[in-house]
Every structure is written in structure tokens, then in C-alpha cells.
Amino acid sequence: MTFFHFFNCAALTFGPHAVYYKATPLSEYDTFSTCIKAAIVYIVTTLIKFVCFATFLQVSEHDGFDLSQEILKGLIGFLDVAGLYYALTQVSHRSISQNHKFQAVGLGWAFADAVLHRLAPLWVGAKGLEFTWEYLLQGLESNANLVFTVSLAALGSLMWLRKNKPAALVPFIYVSAGILAAMPSITSYLRKGLAWEFPRVVSFELSASLLMAFVTWRLFSACQRPAQ
Amino acid sequence: MRGAKRQQQVMGRALVALVTVVMSVVVVEAAAVLDVYRMIQYDLGGVPMGSRRAALSHHATSGFAVPGADLSRAVVILPALKVNISSLNEFVQNKGLLGGLLLLLPQRSNGSGGDGDDSDENVAKALAELEQWLVHNTFQYPVYFAYESDNVQNILQEITANDAAGRPATATTGGYKLVVSVSDAKKLPSPTLTNIQGWLPGLRPAGDTSMLPTIAIVASYDTFGAAPALAAGSDSNGSGVAMLLELARLFSRLYANPNTRGPFNLLFGLTSGGPYNYNGTYNWLRNFDQRLKESMVYALCLNSLGSSSDRMWMHVSKPPENAFIRKIFSEIENVAQDLDLTVEPRHKKINISNSRVAWEHEQFSRQRITAVTLSQLEEAPELLQRSGGIADRRKTVNETVVMRNIKVVAESLARHIYGQEGKQVEVFAKGSNLALSPAYVRSWLDLLGRTPRVAPFLGKNAPIITALHKELAQHTKDASLQHETLDSAYVFYDLTKAQLNVYQVASVTFDFIVALAVGSYLILLFIVLFISTKGVDDFIGVFRKPPSRKYKST
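Residues numbered from 1 in each chain as written. Chains lettered and ligands numbered in written order. Predicted model: local features only at pLDDT ≥ 70, side-chain atom pairs only at ≥ 80, totals over all residues. Heavy atoms only, no water.

Enquirer: Explain the overall build of chain B to me, please; I cannot follow it from the model alone.
Expert: When helices and strands are counted, chain B shows 14 helices and 19 strands. The C-alpha atoms of chain B give a radius of gyration of 34 Å, which is well past the 24 Å a tight globule of 554 residues would have. At a minimum sequence separation of 6, the contacts of chain B that also span at least 24 residues come to 83%. Summed over all atoms, the accessible surface of chain B reaches about 26,800 Å², with 53% contributed by carbon and sulfur. (Helix = DSSP H or I, 4+ residues; strand = E, 2+ residues; numbered from the N terminus. Rg over C-alpha atoms; globule rule 2.2 N^0.38 Å. Contact = heavy atoms within 4.5 Å. Areas by Shrake-Rupley, 256 points an atom, 1.4 Å probe, with all protein chains shown as cover.)

Following this line, the structure appears as C-alpha cells:
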């Protein structure tokens, strides 16, 4: 990779977050501080998660899919959900509508995730001359992750912030939220257990993110109606 | 309270780790990393020879006739055995510019030749020819050698396929890029030649105070080749060195007991500077004191006695009709006949005005000391020829032949020392405690076969010099080193080994295309999000000019 390629991959990885912020009404209502607070909550949650990993998980020699370890990892992954809950409910935001709140929280969360997980490998790999597709695929992955996170934040706001929900939809909401929360475990199972290659995993993530976004949008708009 | 502090500590450490990772030196990933050996760079009498550059950073190509490739910015990768020397010579003579040259040597197998000796011989011949041509030419670009491996083969195949399909690797089309990041080579300051000698004194009869006659046994141990890091010279002159050490071992056993100590002193000399007109031998002889010179009866020089052959030549500068030369020759011939070895004398007159010294014995002859060279080479080698380069590998040395040659030299020497000419006497019989030791010879041949010994790069304290010194010290009374500076007509430059990184790079066009794609994706995303959240009218409104303020005041 050369610096040109670095800029390309960085634009693909972080660009959508900036575009999302600028294009939607988020920028008009000055929700920037919400995004920052969500990012901080994400960092703290990740640190707690890693401490739990270090404490409870064993280092496995082989690269295969160890069911018990992965279940444990999934359970610890639910800390993410707890973090989102904290960000959505406990942190005080300036008065912004619920719509924008979950979007801002999701955006800040996804941006922090992209920076922490993808910036360092991108920077370290940027100076080498060797070309790999990996960094472009990572960029696509961060796009999918943005959609996942915003959907999860939307469902989270439905679950915790909205009091009147049509009873029939409640299980759907929880199931979708569960699927979204378990996404990391699913992808690691695909990569290690079924030995899918990276491009295939990324395309699965992209399609799954679009699907879950659609489902979330339908659920969200279905819950809107009684309030109107 | 404690929980918050621990959290802070963990966060702090994580942050430090993150920063260190980001700032740390880059992990360089490459498709392959090879050990490469640089071609020698030297000046002969002020004329620059060899490869004059070391740093390399160009795209790889598979041949000289690839259409569309810019050779001055490309590294040509050639398997050494497929090189067409005449066409390459033409290219060089026409001052063709090249980014670099990478020659691939056949994989070195560990087994000693049993699989296809014919092909081994042809390989050795082809390599020797290539080496000779390389060493006598100047290249203004880096030339490197590397051993073939599966990795390299695959890469070369890909490059050849791409070139054949009309897609040579350049900056705009991407492909493989070869990078050797080193700084330019520097001159080696005053290279040293180190001569190692060992002295075995003979038995003086009681009351005799005069100096005993001395016989010298000499072999040069250094080499010269197209790649100094690969010039291990197994036959030239690893075989000579191994023979000398075995002779030293045998005669030290004989001389250990005063009853069997001969009436001759034995002087063993391992000289350096062989390829450079035996420069080291010249200095060594110059430093002899007069008494030693006068006591020298004759010197036996050993050179290249390891190849499979039933013939040996005794090269002399005195006419073979000379009585003493005839005596030495007949002693050797008598022993050789029993071992199915044909020995022939070969006369080459010395031309004092010509500085070229083709055989080691000529240096002795110029000092008026009788000397002969025993060798399985029939013709006198030219300058820097047959000096133990890449083509001279351990496989080409036949241990049985070396043992036989040692026996011939040892027995004839013993007959001369103990006055047993013409008698059928076997001093070093098998099974006796004076028997020859094949294991000893083999271990030295193996060591020499994997130690490159180009003198300017050895320095004073090279391990091989120390090892030879220690070995001679074990067998002789007085072992010493002598350091001399190499003749200033030869100047050498350092940097003999490097690491080659092979990168697979994408073309600039590819980067542009990706930039375009990412840019249009982001723009599309922006438009979609804008329209879906704020509506189409707002979007069109961005492009319309704002209504002018003039009319507001009315």
C-alpha cells in the first residue's frame, strides 16, 4: 500500500460516518456532543470487555472454532448491549428528539468502533509496498458495522425509551436486538468454524446489515403509529 | 474507589499500548524475502570491474526482449543456467542500461553427487563460464545471485506469464517489485592477506650445528569468485588445504618420535592471495631469512587435487631434464603407478617481465628455490580463473581421489626424506597408526566447502584463519601468522550479502479507480441520506441560488 491507497481505505472506512452526520438532520440539530459521549461510553465498554476476556478466556493454540469459548465470548459481547443501554438512557443529552438520539448514539458508537479496531492496522500497513485487498474489505466491513450499530441503537431506543409499544411486536423487537447483538459471534463462527474467506464474510455482513436495517425500519415505523 | 482506580490504570495502560503500536516501526509485509548475494565489486589497476551499484528498487521482468518493458527501470530475473552469454555480452558491450540483474542459481542439494554426474559436470561448466565472463566485465547496475526455491520459481513463472501476455510490470500497471534497501558499497581499507605457517624441525645428528635441509609444502587457501559470499572453492583450493593438513598430521606423528624423525625440516605454508598472482606467497618468501632460503631443498605446491581424474600433472618452471626435477618426478611416479595414477611433467617457462604468476611454484622459482606444483589442472589458469568460485562446489570434490593423491604425495615425500628411493616401502600403511584418515580429510573438506574465503573480506581474525592456525599449531612445533597488505592494484568494495524483498504492488491506475469508486460511493450515500431524511425539495434547494436579499427590505 502506498499513501494513496491509505487515503482510499481511510475514506472508505471513516467517510460514511462523516457523510451520515452531514447528510441527515443530525448536523442541523447539533448532536455532536451526543456522538462524543457515545464514543466515550464505547471505549469504556470495550475496556471492560477486554478485561473480562483476559480474565475468563483461555488462549487456544489452534485457530478453530471452540464452542464453549465462543459462547463465553458472545456472553461477554452482550456487554455491548449494556453499554448502549447506558449511552441511550443514563447519559444526559440535550433535548433532542428520540429519532435523532438513537442515530447520534449509534453513529458515535460505530465511529469509535471503526477508529479503535481499524485505524491502527490501516496506519501500520499503509507504509508497506505490498498490496492486499484486506484494507478495502475492512472498509466495507466498517460500513456494515455502522448499519448494524444504528439498527441496534434504534431497537434499543424502542426497548428502553418508548413506553407504549404494540404487544405483538415486542418479541420481534427483542429477537432482532438479540441477533444484532450476537453478530460478532456469528461472523467469527463463519470465519473460523466454517472457514469462510474474508471477502465472503464481508459480503455476508453487508447483506445481513441491509436486511436487519430493513427489519428495524419496519419495526420502528410500526411502533411510531400509535404515538401519532 | 479501588474499582475506579483500577479502571483508570487499565485505561492508561491500554492507551499507552495503543500509542506505542501506532508509532512503532512498520511491519513490512512482502510476498517473499530472499537472501541474495551481491556480485563482487573491485578495481583492477584503477579500472572499475564488477557490479558498481548495490541498492535496488525496481519492477521485475523476465527477460531482455519483453515488449513494452522499460529495461532501465526493471530488474531482469534470469536462471543462471539459461543465460545466453553471447547475447548478454552484446547487450553489455552496447552499454545497455538495466535496472538490475538477478541470477538464480540451481538449488544446492545436500547429497554428494550420485544423481546424474554428467549433468553436474555440465552445470559446473556452464556456471564457470558465466562466472568468468561476469568477473571480467563492468556493470553499472546491481547484480545479485539467489538460490532457486519454490517461492522464487512461482514468482518467476507469474512474471513470465504476465510478460508473455503483454502486461509487463511497470509503475502504471503494477506487478512485482524487487527492493534491496542498502546504501552504496564502500571501499575496503587496506585488505590483509594472512599467511599461516607451521615448522616441523628434523633430527640433527649429534654435533652437527649446520642447518638441516628444508622441504616446504605449500597450498593457498583463499578463493575468488563472482559472488564473494558464495566463493567456497572446494576444489580450488579446499582440496589442497585438506591435503596439506593431512600431510602435516601424518608427518607430525612420524616426527614425534626421535627415532623416526627425518633429517629434513618440514615447513608447511597456507598462503593467501592465490588468485592475485600469489601475492601472499611473494610476501611470505620475501620475509624468509637468508639461512632458511639457502636450506630450502625444494617446495611442493598443492593446487586443485580433488576432481575425479586419473591424471595428475607436475608443473615445473625448471626444464624437466634437470636432474633434481627428474628425481622428484620419478619418486612420485613410482608410487603413483601402484595406485593407477598417471603423473606427467609439464614445463612452463617463467617470463620475468610478465607479472602474471600462474602457479604458486613460480614465486619460489623467482627466488631461486626449486619448486613444483602438483595439480589435476592441465593448463595454467588465467588471471582470476579457476580460483574457487560459485561453480566449484563441495559435490565436485571426490574424497577417494583426494585420499589417493595424499597417499601418493606422502609416500613419495617419505621416500625422499628417509632415503628409500626406488624401494618398495609403504610408510603409511592401512591399519597402522600412521594410516591416512578419510574422516579427518572429509571433515576439513566439508568445512572448507561451506566457508567462503575471499581474502579481502576475511580480515585478520576470521574464524577460518584461526581454525587453520590452531590446526597447524597442533601438528607442528612452531605455528605463526603473518599479515601483509594486498597489492594496491586490487581494490575491493564491501557489501556481499543482502535481503531482497519481493512486493506485489498495485498499479497507480488501480489506485485511481478505487479512489473514484470510493468517492462516488460517498457522494451517492450523501445524496441518498439527504433525500431520505430531508426530502427531495431541500436537496434541489441546495443547488438553487439563495434569493437575493435586495428584495427583503421593501
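Let us keep going from here.
Enquirer: It is not clear to me how the UniProt feature "transmembrane region" (unreviewed entry) in chain A should be interpreted in this structure. Could you clarify?
Expert: Taking the numbering used here, the UniProt-annotated feature "transmembrane region" (unreviewed entry) corresponds to residues 39-59, 71-92, 104-124, 144-161, 168-190 and 202-220 of chain A. Between the end C-alpha atoms of residues 202-220 of chain A the distance is 26 Å, and the span holds 100% helix and 0% strand. (UniProt positions renumbered as here; feature names shortened; annotations may be inferred.)

Enquirer: I'm lost on the packing of helix 5 (residues 134-160) of chain A against helix 6 (residues 170-181) of chain A in this one. Help?
Expert: What describes two packed helices is the angle between their axes and the distance between those same axes. Residues and elements named next belong to chain A. At their nearest, the axes of helix 5 and helix 6 sit 10 Å apart, and the two run at 145 degrees to each other. In terms of crossing hand, the pair formed by helix 5 and helix 6 is left-handed. Across from Phe148, Ser151, Leu152, Leu155, Leu158 and Met159 in helix 5, the residues of helix 6 making contact are Ile173, Tyr174, Ser176, Ala177, Leu180 and Ala181. Grouping the amino acids of the contact of helix 5 with helix 6 by side-chain chemistry returns 10 nonpolar, two polar and no charged. (Axes fitted to C-alpha atoms, helices over the stretch in contact; angles between N-to-C directions. Left-handed = near helix turned anticlockwise from the far one by under 90°. Nonpolar A, V, L, I, M, F, W, Y, C, P; charged D, E, K, R; others polar.)

Enquirer: Explain helix 1 (residues 3-23) of chain A here, please?
Expert: Working note: α-helix, 3.6 residues per turn, so residues spaced by three or four point in the same direction. Residue and element names in this part refer to chain A. With 21 residues, helix 1 ought to run about 30 Å at 1.5 Å a step, and its terminal C-alpha atoms sit 28 Å apart, in line with that. The largest bend in helix 1 amounts to roughly 45 degrees and is located at Phe14, with the proline Pro16 lying one to four residues further along. Of all 21 residues in helix 1, 15 are buried, a share of seventy percent or more. (Expected span 1.5 Å × (residues − 1). Bend = angle between axes of the 7 residues up to and from the residue. Buried < 20%, exposed > 50% of the residue type's maximum accessible area, 1.4 Å probe, protein only.)

Enquirer: Would you explain the interface of chain A and chain B in this entry?
Expert: Many authors give the size of an interface as the accessible area that is lost as the parts come together. Contacts between chain A and chain B engage 32 residues on the former and 34 residues on the latter. In this assembly, chain A packs against chain B so that about 2,800 Å² is buried in total across both faces, 74% of it on carbon and sulfur atoms. Linking chain A with chain B are zero salt bridges. Where chain A packs against chain B, one counts two residue pairs in polar contact (both at pLDDT 80 or more). In terms of residue count, helix 1 of chain A provides more of the side of chain A that touches chain B than any other element does, 11 residues in total. Looking at the side of chain A that touches chain B, its residues break down into 21 nonpolar, seven polar and four charged. (Buried area = accessible area lost by both parts, 1.4 Å probe. Salt bridge = Lys/Arg side-chain N within 4 Å of Asp/Glu carboxyl O. Polar contact = N/O pair within 3.5 Å; in protein donor to acceptor, adjacent residues only side chain to side chain.)

Enquirer: What's the story with the environment of Gly178 of chain A in this structure? I'm lost.
Expert: Residue and element names in this part refer to chain A. Among the structural elements, Gly178 can be located in helix 6. Looking at Gly178, the relative accessible area reads 26%, which means it is partly exposed. For the pair Gly178 and Leu155, spaced 23 residues apart in the sequence, the C-alpha separation amounts to 9.9 Å.

Enquirer: Can you help me understand the sheet that holds strand 1 (residues 32-38) of chain B in this one?
Expert: Within a sheet, each strand pairs with its neighbour through backbone hydrogen bonds, oriented either parallel or antiparallel. Residue and element names in this part refer to chain B. Taken together, seven strands build a closed barrel; the order of strands is 1-8-6-5-4-9-19 and the barrel is mixed. For this sheet, the mean angle separating the axes of adjacent strands, direction not counted, is 35 degrees. Here six bridges tie strand 1 to strand 19 (residues 497-505), and the two strands are oriented antiparallel to one another. Opposite Tyr37, over in strand 19, you have Lys497 as the bridge partner. (Pairing = 2+ DSSP bridges.)

Enquirer: How do you make sense of the sheet that holds strand 18 (residues 490-492) of chain B when you look at a structure like this?
Expert: Strands sit in the order 7-3-2-18 (chain B) across an open sheet of four strands; the sheet is mixed. Because the sheet does not close on itself, it has two edges, and the strands there are strand 7 (138-139) and strand 18 of chain B.

Enquirer: What's the story with the domain arrangement of chain B in this structure? I'm lost.
Expert: All names here are of chain B. Per the domain assignment, the segments of chain B are domain 1 (31-187 + 496-505) and domain 2 (192-485). Counting residues at the interface gives 25 residues for domain 1 and 16 residues for domain 2. Summed over both sides, the interface of domain 1 with domain 2 buries roughly 1,800 Å², with 70% coming from carbon and sulfur. In terms of surface lost to domain 2, no three residues of domain 1 exceed Ile40, Glu131 and Thr496, which account for 30% of the buried area on that side. (Domains from an automatic or database assignment.)

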